Amino acid sequence: PALTMRPAMTGWPLWMRQTSAILRVELRKNFITARGFWIYLLALAPAALVWMHSIDAVIRGNRHSLNNDTEVMAGIFQIFFLRPAVFFGCVGIFTYLFRGEMVERSLHYYFLAPVRREVLAAGKYLAGLITAAFFFCGSIALTFTDMYYHYSAQERDFFLGSGGYQHLAAYVSITALACMAYGALFLFLGIRYRNPVIPAVTLLFWESLNLFLPAWLRKFSILYYLRSMTPVELSLRGPGALLGAVAEPVSAWIAVPSLFVITAMLLMLAVRQLKITEISYSSD
């Protein structure tokens, strides 16, 4: 790809100009593609289902309590969004950034360019993060809006004024943090492993079993910090209660910096691995 610099950016440091050029190339190439169709469906599926729920409530005159729909919204977010949706969406977006180019035999163009590997990783990671955040943060915002569509204006105003806006901000922020942390994780796996899907599935089991781990091991889980910040606790009963329980949650003042530290460490590992990566298409 041609890493051309815009005239307005000529006063910027070289690494910033190169990162911006890579970011633009990657966004044009990967933002909306046919191979990512399943990711877009995964992101928009809950919004579509909740929209049909609201339309059905309007047509049939079914009345739901605000408390009930608020808990349903929390269940969709914790059980669907933070597990299969954002997790596998980031698998599809971030592992492709390097592994996909190796499969398509185009990564050597970047390696032949006079660009440092950390700059290349930064540009690609930012492109993946913008893509993931756009679809998944947008989806959770649409899902939240659709959930309360069938209520009257007075009921919506009451809910939003008594904490609804804080719930929406929390859901969008947690989703963005999830894209940030999982994106760094799968960027590293995409560089390190020829088939990153196998370690990704293994990590999903690790994340899901976090509740049963000793207290000191729970801290080695991205999902643990994300779910500690959710604004609504699920009141599930029976075996399903395990899906909604967060063992010894931490405060946002600990969870947010922890996620940034995890992301930074994973990005450093990705850059370190990228620096020793050599192109050998015959082995792929």
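Everything below is about the structure printed above this text.
Below: a short report on this structure.

Reading the values: the criteria
Residues numbered from 1 in each chain as written. Predicted model: local features only at pLDDT ≥ 70, side-chain atom pairs only at ≥ 80, totals over all residues. Heavy atoms only, no water. Axes fitted to C-alpha atoms, helices over the stretch in contact; angles between N-to-C directions. Helix = DSSP H or I, 4+ residues; strand = E, 2+ residues; numbered from the N terminus. Parallel < 35°, antiparallel > 145°, perpendicular 65-115°, else oblique. Left-handed = near helix turned anticlockwise from the far one by under 90°. Nonpolar A, V, L, I, M, F, W, Y, C, P; charged D, E, K, R; others polar. Expected span 1.5 Å × (residues − 1). Buried < 20%, exposed > 50% of the residue type's maximum accessible area, 1.4 Å probe, protein only. Arc of directions from axis to C-beta. Contact = heavy atoms within 4.5 Å. Disulfide = S-S within 2.5 Å. Bend = angle between axes of the 7 residues up to and from the residue. Core = buried A, V, L, I, M, F, W, Y, C linked by side-chain atoms within 4.5 Å. Phe/Tyr/Trp six-rings, centres within 6.5 Å; stacked < 30°, edge-to-face > 60°. Lys NZ or Arg CZ within 6 Å of the ring centre and 35° of its normal.

### Here's the deal with the packing of helix 3 (residues 66-103) against helix 6 (residues 153-192)
With their axes 8 Å apart at the nearest point, helix 3 and helix 6 run at an angle of 25° to one another. With respect to helix 6, the element helix 3 is oriented roughly parallel. Seen along the crossing, helix 3 lies across helix 6 with a hand that is right-handed. The residue makeup of the contact of helix 3 with helix 6, split by class, is 22 nonpolar, six polar and three charged.

### Some words on helix 7 (residues 197-208)
For helix 7, built from twelve residues, the straight-helix expectation of 16 Å at 1.5 Å per residue is met to within 8% by its first-to-last C-alpha distance of 16 Å. The set of residues buried in helix 7 consists of P199, A200 and E207. Looking down the long axis of helix 7, one finds its buried residues gathered within 100° of arc, a one-sided arrangement. Of the exposed residues in helix 7, the ones pointing more than 90 degrees away from its buried face are I198, T202 and F205. Buried-residue contacts for helix 7 involve helix 3, helix 6 and helix 9 (222-228).

### As for the state of the cysteines
Inspection of the entire model under this criterion finds zero disulfides. C90 forms no disulfide, and the closest cysteine sulfur to it belongs to C179, at a distance of 4.6 Å. Counting only cysteine sulfurs, C179 is the nearest neighbor of C137, a cysteine outside any disulfide, at a range of 5.4 Å.

### Observations regarding helix 3
Its maximal kink placed at Y96, helix 3 deviates by approximately 60°. By the criterion of burial, helix 3 is predominantly enclosed, with 29 of the 38 residues buried. Just past helix 3, the residue R105 takes up positive phi, approximately 60°.

### Some thoughts on the nonpolar core
One finds F136, Y182, F186, L226 and L259 to be the most contacted residues of the largest nonpolar core, which totals 73 residues. Mapped onto this core, the elements with two or more residues apiece are helix 1 (14-30), helix 2 (37-60), helix 3, helix 4 (107-112), helix 5 (117-147), helix 6, helix 9 and helix 11 (252-275). With 17 residues, the top contributor of residues to this core is helix 3. When neighbours within four sequence positions are excluded, F186 is seen to be in contact with F87, C90, V91, F94, T95 and A200.

### Observations concerning the packing of helix 2 against helix 3
For the pair helix 2 and helix 3, the least separation of the axes is 9 Å and the interaxial angle reads 165°. Judged on the interaxial angle alone, helix 3 and helix 2 are roughly antiparallel. By crossing handedness, the relation of helix 2 to helix 3 is classed as right-handed. In contact with W38, I39, L42, A43, P46, V50 and H53 of helix 2, helix 3 contributes D69, I76, F80, F81, P84, A85, F88, G89, G92 and I93. For the contact of helix 2 with helix 3, a count of residues per class yields 13 nonpolar, three polar and one charged.

### Details of the packing of aromatic side chains
On inspection of all chains with the given rule, the structure shows 17 aromatic pairs. Ring plane angle 25° and centroid distance 6.2 Å describe the contact between F77 and F81, whose orientation is recorded as stacked. Placement of both F77 and F81 in helix 3 is noted, with a separation of four residues, approximately one turn of the helix. Across this residue pair, the class does not change: F77 and F81 are buried. Ring pairing ties together the aromatic residues F77, F80, F81, F144, Y148, F159 and Y171, which thus form one cluster. Of note, R192 hangs over the ring of Y193, and the distance from its end group to the ring centre comes to 5.0 Å.

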